Amino acid sequence: MSPTAAQGRLAARIAALVVVVVFLQAGVVSEVPVFGVSIELTPLLAAFIGLLCGSTWGAVAGFCIGLFVDFSLLQTLGISSLLFTLIGFWSGRLRELRDPQSPFTPLAVGTVAAAIALVGFSVIEFLLGVDAPVSFMLLRQIVLGVIVDAIVALPFWVLVRRALRGSLPEDPRRRRSRRAYSTGGLSPLSRA
């Protein structure tokens with residue numbers, strides 16, 4: 001399969017996943033509170049797309065998810081897009097720079113993504129002058145939201161990975177190791 005066809009297939013799967021998750025978030029998940037807060041699947045989706053596909057796909061998907069969320073919830077345009085773009089990009093950079101093979105990586109990435117989304121949204125709304133009380137209840141909501149999203153992170157990771165399986169890009173570290181092995185290890189220039 002050509003690289004353009006593979007990228008088109010990946011883009012189609014990501015687009016379908018984004019539409020399904022945003023509609024599920026807006027219509028079903030947000031209506032069922034857990035410990036008094038709703039589960040936020042959208043920052044987890046941006047983070048996991050970045051973790052599976054890289055920084056470019058993560059940033060683009062995060063922007064699209066955020067814009068779609070803002071349009072569907074009729075809230076200030078751009079806040080969710082900014083936060084989810086950052087979440088998707090940095091999750092993708094983690095994939096590109098480190099070896100995220102630990103089974104706890106999705107849990108850690110999901111927890112950080114939820115914290116960035118909840119704290120960032122609150123701070124930006126406060127800076128924009130939205131009249132909302134800043135109190136202990138807000139801190140309680142943020143902490144509970146991060147905990148609930150951390151609990152949901154691993155099962156949601158499995159679902160996102162299954163939905164994108166078969167069209168995920170090849171890991172760049174594996175390509176380098178195969179290339180080094182096929183050339184006999186080190187370059188003649190690096191032996192000196």
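Cut-off values and rules
- Residues numbered from 1 in each chain as written.
- Predicted model: local features only at pLDDT ≥ 70, side-chain atom pairs only at ≥ 80, totals over all residues.
- Heavy atoms only, no water.
- Helix = DSSP H or I, 4+ residues; strand = E, 2+ residues; numbered from the N terminus.
- Axes fitted to C-alpha atoms, helices over the stretch in contact; angles between N-to-C directions.
- Parallel < 35°, antiparallel > 145°, perpendicular 65-115°, else oblique.
- Contact = heavy atoms within 4.5 Å.
- Nonpolar A, V, L, I, M, F, W, Y, C, P; charged D, E, K, R; others polar.
- Left-handed = near helix turned anticlockwise from the far one by under 90°.
- pLDDT = per-residue confidence, 0-100.

Draft legend 1. Seen up close, unusual backbone geometry. The phi dihedral of Phe 35 falls on the positive side, at around 55°, and the residue is not glycine. Of note in the backbone geometry, Leu 74 takes a positive phi value of approximately 55° without being a glycine. Secondary-structure assignment places Leu 74 in the loop between α3 (55–73) and α4 (79–97).

Draft legend 2. Geometry of the packing of helix α1 (residues 3–27) against helix α6 (residues 136–164). Contact geometry for α1 and α6: axes closest at 9 Å, N-to-C directions at 140°. Judged on the interaxial angle alone, α6 and α1 are oblique. Contacts between α1 and α6 involve Leu 10, Arg 13, Ile 14, Leu 17 and Val 21 from the former and Phe 156, Val 160, Ala 163 and Leu 164 from the latter. By residue class, the composition of the contact of α1 with α6 is eight nonpolar, no polar and one charged.

Draft legend 3. Structural detail: the packing of helix α2 (residues 41–53) against α3. The interhelical angle for the contact between α2 and α3, taken along N-to-C directions, is 165°, at an axis separation of 8 Å. With respect to each other, α2 and α3 are oriented roughly antiparallel. For the pair α2 and α3, the sense of crossing is right-handed. Residues Thr 42, Leu 45, Ala 46, Ile 49, Gly 50 and Cys 53 of α2 form the contact with α3, whose own contacting residues are Trp 57, Gly 58, Ala 61, Gly 62, Ile 65 and Val 69. Partitioned by chemical class, the residues of the contact of α2 with α3 number eight nonpolar, four polar and no charged.

Draft legend 4. Up close: the confidence of the model for the protein chain. In the predicted model, the protein chain carries a mean pLDDT of 85, and the fraction of residues at 70 or more is 86%. Within the model, the stretch residues 174–181 combines pLDDT values under 50 with three contacts to residues more than four positions away or in other chains.

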